[in-house]
Amino acid sequence: MIKVEFLGPIAKEAIEMEAATLADVSTKLKEDSTLSEWLDKCAVALNDTMVNDLGTALKDGDRVSILPPVCGG
Amino acid sequence: MELYDGPLNVKEIFGRWLDEQAASNYGAYIPFVGTIRAEDDIEALSFDIYEPVLQKWFDEWQEKAKAVGAVVKMAHAIGDVPVHTSSYVSAVFSPKRRVALELIDAFVEDFKANAPIWKYDVKNGERIYAADRSTPMDGSGLLA
């Protein structure tokens, strides 16, 4: 089981799911219509490190963070 | 890296950084101050920060600065920051000016693009995500 958390303005509680890779996370999140406006512009962190590969393997207890567009300063 | 609830005490921060480096033999100190402008009838801007990723982003910049003999600093506000006060300050110290001038440019621009901070307008006490001024981080769209 892994945990997916949604940061900043995405008003959504964290969810838990079974996923072997980030591609599995993508498949499951795309089923959620409340995320359809977000996924194409969000970056992804795995255990607080930014990731860029859908094939990234996941293990039990991993935490995936979804980071929407930013504007600091 | 320093994070504060509410507006920054700019003079205290810059003065302290200057004192800390007083004997470091840096020839250049370039501070940058971000101040909330009064526009679109906002009362304040408000900020959410994801600190673990921000810390890693900043640590990488410290390494880049170190490689050219420089030091980068930053402070940012969390929560509401009223107009005409500061939400963000940063600075570069380096032995000579050219490195510092180039580094403050690259550091502040990458900050705008990739620091995990979310901005909201505050109007009539309500927080409204500044979607049209926000930038997708590097690597966005991976899960789409």
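Conventions adopted
- Counting restarts for each chain: residues are numbered from 1 in the order of the written sequence.
- A letter from A marks each chain and a number from 1 marks each ligand, given out in the order of writing.
- Note on the predicted model: pLDDT of at least 70 is required for a residue's local features to be given, and 80 or more for side-chain atom pairs to be given and counted; whole-chain, interface and lining totals, by contrast, use all residues.
- The way it works is that DSSP assigns letters per residue, a run of H or I at least four long becomes a helix, a run of E at least two long becomes a strand, and they are numbered from the N terminus.
- We compute the radius of gyration from the C-alpha atoms alone; for a globule the expected value is 2.2 Å times N to the 0.38, where N is the number of residues.
- A residue is called partly exposed when the number of other C-beta atoms within 10 Å of its own lies between 12 and 20, exposed at 12 or fewer, and buried at 20 or more, with C-beta atoms placed from the backbone.
- Whether two residues are in contact is decided by their C-beta atoms, placed from the backbone, lying within 7 Å.
- Given a helix with a known number of residues, its expected span is that number minus one, times 1.5 Å.
- The directions considered for the arc are those from the helix axis to the C-beta atoms.
- In the scheme used here, Gly and all other residues not listed as nonpolar or charged are polar, with Ala, Val, Leu, Ile, Met, Phe, Trp, Tyr, Cys and Pro taken as nonpolar and Asp, Glu, Lys and Arg as charged.

Caption draft 1: Molecular detail of the overall build of chain B. Counting its secondary structure elements, chain B contains three helices and seven strands. Along its sequence from the N terminus, chain B presents helices and strands in the succession β-α-β-β-α-β-β-α-β-β. Taken against the 2.2 N^0.38 rule, which gives 15 Å for 144 residues, the C-alpha radius of gyration of chain B at 16 Å falls within 12% of a compact globule. Overall size of chain B, expressed as C-alpha extent along the three principal axes, is 50 × 40 × 25 Å. By the burial criterion, 35% of the 144 residues in chain B qualify as buried. Partitioning the intrachain contacts of chain B with sequence separation of at least 6 by distance along the chain shows that 75% fall at a separation of at least 24.

Caption draft 2: Helix H2 (residues 51–67) of chain B, seen in detail. Residues and elements named next belong to chain B. Over its 17 residues, H2 extends 24 Å from the first C-alpha to the last, a length consistent with the 24 Å expected when each residue adds 1.5 Å. The set of residues buried in H2 consists of Val 53, Leu 54, Phe 58, Trp 61 and Ala 65. Down the axis of H2, the smallest arc covering the buried residues is 135 degrees, so these residues share one side. Of the exposed residues in H2, those oriented more than 90 degrees away from the buried face are Asp 59, Glu 60, Glu 63, Lys 66 and Ala 67. Immediately beyond the C-terminal end of H2, within one or two residues, lies Gly 69, with a positive phi of roughly 75 degrees.

Caption draft 3: Looking closely at the interface of chain A and chain B. Between chain A and chain B, the contact holds 26 residues from the first and 30 residues from the second. Sorting elements by how many residues they give to the side of chain A that touches chain B places helix H1 (residues 22–29) of chain A first, with four residues. Grouping the constituent residues of the side of chain A that touches chain B by class yields 17 nonpolar, six polar and three charged.

What is shown is where atoms sit, not what they do.
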